[in-house]
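# Structural features, examined
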Amino acid sequence: MISEIPNDPVMLLSYLNTQLRDHYPSLEELCASLQLDQQALIKKLDAIGYAYSKSQNQFQ
């Protein structure tokens, strides 16, 4: 089942960082679990100036 995630980039940022903080040890695991396209998420958040930090496990 594909999860419903926010379409708005700022809401998406908040949603992903909350999920990463509370439930997933990495972006890879989050994407695998929720059946999300990791590169599409990275590109969408890059468009608003955020990049994924593996060491912090969040978009900054």
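### Looking at unusual backbone geometry
Non-glycine residue Gln35 carries a positive phi angle of around 55°. Looking at where Gln35 falls in the secondary structure, it is placed in the loop between helix H2 (27–34) and helix H3 (38–46). With relative accessibility at 45%, the residue Gln35 sits in the partly exposed group. With phi around 50°, Asn57 is a residue other than glycine that occupies positive phi space. Residue position: Asn57 is located in the loop between strand S1 (52–53) and strand S2 (58–59).

### Overview of the environment of Glu28
Relative to the elements of secondary structure, Glu28 occurs in helix H2. Each C-alpha atom, one on Glu28 and one on Lys54, is 9.9 Å from the other, the two residues being 26 residues apart in sequence. If we ignore the near neighbours within four places in the chain, the residues touching Glu28 are Gln38 and Lys54.

### Some remarks on the nonpolar core
Of all hydrophobic cores here, the largest spans 14 residues; its most connected members are Leu16, Leu30 and Phe59. Put simply, the parts of the chain that give this core at least two residues each are helix H1 (9–22), H2 and H3. Contact partners of Phe59, with chain neighbours within four places excluded, come to Leu13, Leu16, Asn17, Leu20, Leu27, Ile42, Leu45, Tyr50, Ala51 and Tyr52.

### Thoughts on H2
Residues of H2 that are buried include every one of Leu27, Leu30, Cys31 and Leu34, and no others. For H2, the angular spread of the buried residues around the axis is 95°, confining them to a single face. Residues of H2 that are buried sit in contact with H1, H3, S1 and S2. Taken from the residues just after H2, Gln35 is the one with a positive phi, measuring 55°.

### Here we look at the packing of H1 against H3
Helix-helix packing is described using two parameters, namely the angle between the two axes and the distance between the axes. Where H1 meets H3, the closest approach of the two axes is 10 Å, and the angle between their N-to-C directions is 125°. Regarding the angle of H1 to H3, the classification is oblique. H3 is crossed by H1, and the crossing has left-handed handedness. Between H1, through Pro9, Leu12, Leu13 and Leu16, and H3, the contact on the second element is made entirely by Leu41, Lys44 and Leu45. Tallied by class, residues from the contact of H1 with H3 come to 6 nonpolar, no polar and 1 charged.

Reading guide: rules and limits
Residues numbered from 1 in each chain as written. Predicted model: local features only at pLDDT ≥ 70, side-chain atom pairs only at ≥ 80, totals over all residues. Heavy atoms only, no water. Helix = DSSP H or I, 4+ residues; strand = E, 2+ residues; numbered from the N terminus. Buried < 20%, exposed > 50% of the residue type's maximum accessible area, 1.4 Å probe, protein only. Contact = heavy atoms within 4.5 Å. Core = buried A, V, L, I, M, F, W, Y, C linked by side-chain atoms within 4.5 Å. Arc of directions from axis to C-beta. Axes fitted to C-alpha atoms, helices over the stretch in contact; angles between N-to-C directions. Parallel < 35°, antiparallel > 145°, perpendicular 65-115°, else oblique. Left-handed = near helix turned anticlockwise from the far one by under 90°. Nonpolar A, V, L, I, M, F, W, Y, C, P; charged D, E, K, R; others polar.

By themselves, these observations are geometric and do not establish any function.
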